[in-house]
Every structure is written in structure tokens, then in C-alpha cells.
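The lines below spell out each chain.
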Amino acid sequence: MHDPNHDHDHDHADADAHKEIVATERPGYFDILETALEEMLIERKILQPGEIDRQIDVLDSRTPALGAKVVARAWTDPEFRARLLADGRGTCEELGVTFYDDTGLIVLENTDKIHNLVVCTLCSCYPRPLLGLPPEWYKLKPYRARAVVEPRALLAEFGTIIPEEVEVRVADSTSALRFLVLPMRPAGTEGYTEEQLAALVTRDAMIGVVPVQVDARRIA
Amino acid sequence: MIGLEDFMHRLPNDVGGQPSPAFARVEHPLAPWEKRCHALADVLDYHKLISTEEKRRGVEGLGAEVIGRLGYYERWAVAFAVLLFQKGVLTPTGLAEKMKEIEARGSAERTPADVAGA
């Protein structure tokens, strides 16, 4: 495994992970490339002027608050929860969350017996209509490489310790199918309104890397 | 012994279970051009010109070395260019000329006039 001939690969992997973090600080050439592609596609009437700007507005309109609203409704309305687990996309749309792409959605319910974790090993597929764009760590190699082979150790790095008797299930996303975790409703929230519940639900809880906690400060 | 056969087993994006650097809970907001690049990807998908899976395969087609040296959205931009060449929508010469023109304008920022007048 530590064959010297293979060191290149390890160096490469390290450079890869680091690069993804720092690369955005030198946008010059690629900024120009992106602009050129955009302008040429508009000149060829393949894209309409303003289409990119409108899509930026769509991207900016998607935040984890949408996913949190879905989760809070599922916690307070058992019929909604059942529909959500049976038909993720259709049930989110029922709540007014539009899907701006052709992706399907499966909602995975955490229980006291099963803990779900979402990853995209091949790239960075993510339930963007509900959560917005993924965090950087979700797109980087360490998370993608480790989630599928040592999810408990990875979760522990988020401070999440899953008891041995709880099964950990890892869902690997694709370009056509995305996953959202329905976290467990925390104890002590019996008197909470739907809005108060939604305020507890973080992005990371819906990826499955942390539980929802009553005293959680919204960090994501 | 890990040798050439390793390259036959996995394409560059297939990192599940691979040795990896230490995990860090990294967050960073997108630069304006990165967000535009993301929006461009979505719009290309709507127009059935480049699907999400084609984009992913396009990135993979750049090869491990290029993938390793480019940032996340840099890969996307390069993959779009290559795919649009392959589909006969753009030509390398045309793109090079357009990039030169944008560089000469002194800024990659588009103005409404640029877009409207295009």
C-alpha cells in the first residue's frame, strides 16, 4: 500500500483536496472562459440573454430553511410524513417547494434503530432545490472517500457518535436521484410550533452528519 | 503492489473508499464567476445541451492529472468547453478569439449592453 511508486498518487490526492479549497482565489482565466462560453451561447441564440442571471436568482432563493420547513411539517403531520417518505419530490412540491431540475428525491428517515448519511462519491450531487448549494466539505475527497467505508469514524469527526446498536446507512447520490435525511425530532419539543421546530433543523442534520438538538445554534 | 492495473479499476471521480487526506469541515462562499458557472450548468441542463451526468463524465474525461490541478468550477468550465466542441456548438478557435476579446475589454464582467448587443 505504501509502495514508493504509489507516492505520486498520495501526493496527487493531497494536492487535489487542497486545490479545491484554494483554487477559487485565482479566477482570472476561468472567469474569462466562463464568460466567453456564456456570451457565445447567447450569440448563437442557444441561451437567452438574462437566463444565467435568472438562474442565479433561483440558486440564491434556495436555502436549508426550505428543507427545515419540510422536516418540521413531517414531525407534526403524520400523514404528510408518510407521503413524504413514499414520494419525496411530489410531497415537497405539495408544500410549495419547486424542483428546478429533473432530479428525483428520496427522504430517508432516521429512527432510534437507523441513522442515514448522504454522500455523493462520484461528484457532488445534493438536494439543491431544498438545501441550496452543498458545503465545500461535501464536495471534497475526504468526505466522499470515507463516508462509504467508515461512516461512523467520519461522523465522529462531526462530533456525532452513533451507538453500535444503531445501523448506519449511507445513501450515495446520483445525478438523477438525490437524498434528504429526515432527522429525529429531539425530545423536549412537544410544545413547539412548526416554525419553532423548523428553526432547530440545520443543513447538516438533513445531510445526516449531526442530530437536531434543542440547544443547537444555527451554524449552517 | 499497485501498478497500472489500478488505473483500469477506477475512473478519477470514483473515490469511494480510496485513501484520502484528513477530513476538514471546510466552507467557503462561491466567487461570483463560480456562481455564474453553476447557473450556466443548470441552464445547459434545462436546454438539454449538457446534462448533469454528461458534465460529470466530461470532467472525468479531463483525466486524473488535470482534475487534480483544477479547482471544482474550473473543471466544469473546461469540461463545458470540451463538450461544446464535441457537439459542434463551438470551435476552439472561436472560443480562443472570444476569450481574447473579453480579455481586451479589461474585465470578464458582462454589461447588459454586451449581452443585448450580442
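Read on for a plain summary of the structure. Nothing here was measured: the structure is a model prediction, and the numbers come from that model.

Scoring rules and cut-offs
Residues numbered from 1 in each chain as written. Chains lettered and ligands numbered in written order. Predicted model: local features only at pLDDT ≥ 70, side-chain atom pairs only at ≥ 80, totals over all residues. Heavy atoms only, no water. Salt bridge = Lys/Arg side-chain N within 4 Å of Asp/Glu carboxyl O. Helix = DSSP H or I, 4+ residues; strand = E, 2+ residues; numbered from the N terminus. Buried < 20%, exposed > 50% of the residue type's maximum accessible area, 1.4 Å probe, protein only. Core = buried A, V, L, I, M, F, W, Y, C linked by side-chain atoms within 4.5 Å. Contact = heavy atoms within 4.5 Å. Polar contact = N/O pair within 3.5 Å; in protein donor to acceptor, adjacent residues only side chain to side chain. Phe/Tyr/Trp six-rings, centres within 6.5 Å; stacked < 30°, edge-to-face > 60°. Lys NZ or Arg CZ within 6 Å of the ring centre and 35° of its normal.

**Section: the pattern of salt bridges**
- Applying the stated criterion across every chain yields a total of 29 salt bridges over all chains.
- Residue R36 of chain B is joined to E38 of chain A by a salt bridge in which the shortest nitrogen-to-oxygen separation is 3.3 Å. With R36 of chain B in helix 2 (residues 32-46) and E38 of chain A in helix 2 (residues 28-43), the pair connects residues from two separate chains.
- Here E38 of chain A falls in the buried class, since its relative accessible area comes to 0%.
- Of the charged contacts in the structure, one is a salt bridge between D60 of chain A and K35 of chain B, with a shortest N-O distance of 2.4 Å. Here D60 of chain A is found in helix 3 (residues 51-61), whereas its partner K35 of chain B is found in helix 2 on a different chain.
- Residue D60 of chain A is classed as partly exposed on the basis of its relative accessible area of 41%.
- Ionic contacts of the salt-bridge type, sharing partners, join the residues E39, E43 and R44 of chain A together with K98, E101 and R105 of chain B into one network.

**Concerning unusual backbone geometry**
- Phi at K45 of chain A takes a positive value of approximately 60°, unusual for a residue other than glycine.
- Secondary-structure assignment places K45 of chain A in the loop between helix 2 and helix 3.
- Phi at K48 of chain B is positive, roughly 55°, even though this residue is not glycine.
- By the secondary structure assignment, K48 of chain B is in the loop between helix 2 and helix 3 (52-60).
- For K48 of chain B, a relative accessible area of 63% puts it in the exposed group.

**Quick look at the nonpolar core**
- By size, the foremost hydrophobic cluster in this structure holds 50 residues, and its most contacted members are L130, Y143, I207 and V209 of chain A.
- Ranked by residues supplied to this core, first place goes to helix 4 (residues 64-76) of chain A with six residues.
- In this structure, Y143 of chain A is in contact with L117, V118, V119, W137, Y138, L154, F158, I207 and V209 of chain A together with F23 of chain B, ignoring residues within four places of it in sequence.
- Among the nonpolar cores identified, the runner-up in size contains 41 residues, and L59 of chain A together with I67, Y73 and W76 of chain B belong to it.

**Notes on the side chain of T160 of chain A**
Residues and elements named next belong to chain A.
- Take T160: it is sitting in the loop between helix 10 (151-157) and strand 3 (167-172).
- You can call T160 buried: its relative accessible area is 6%.
- At 2.5 Å, the side chain of T160 forms a polar contact with the backbone oxygen of V209.
- With sequence-adjacent residues up to four places away left out, T160 is seen in contact with L155, V209, V210 and P211.

**Quick look at the packing of aromatic side chains**
- Across all of its chains, the model carries 15 aromatic pairs over all chains by this definition.
- Here the aromatic rings of Y29 of chain A and F30 of chain A are separated by 5.0 Å at their centres, their planes lie at 80°, and the arrangement is edge-to-face.
- On the basis of relative accessibility, which here comes to 51%, the residue Y29 of chain A falls in the exposed class.
- Put simply, the rings of Y126, W137, Y138, Y143 and F158 of chain A together with F23 of chain B pair up and form one aromatic cluster.
- The positively charged end of R73 of chain A is found above the aromatic ring belonging to F80 of chain A, 5.9 Å away from the centroid.
- A cation over an aromatic ring shows up here: K139 of chain A above the ring of Y72 of chain B, its NZ or CZ 4.0 Å from the ring centre.

Purely geometric numbers; function is a separate question.
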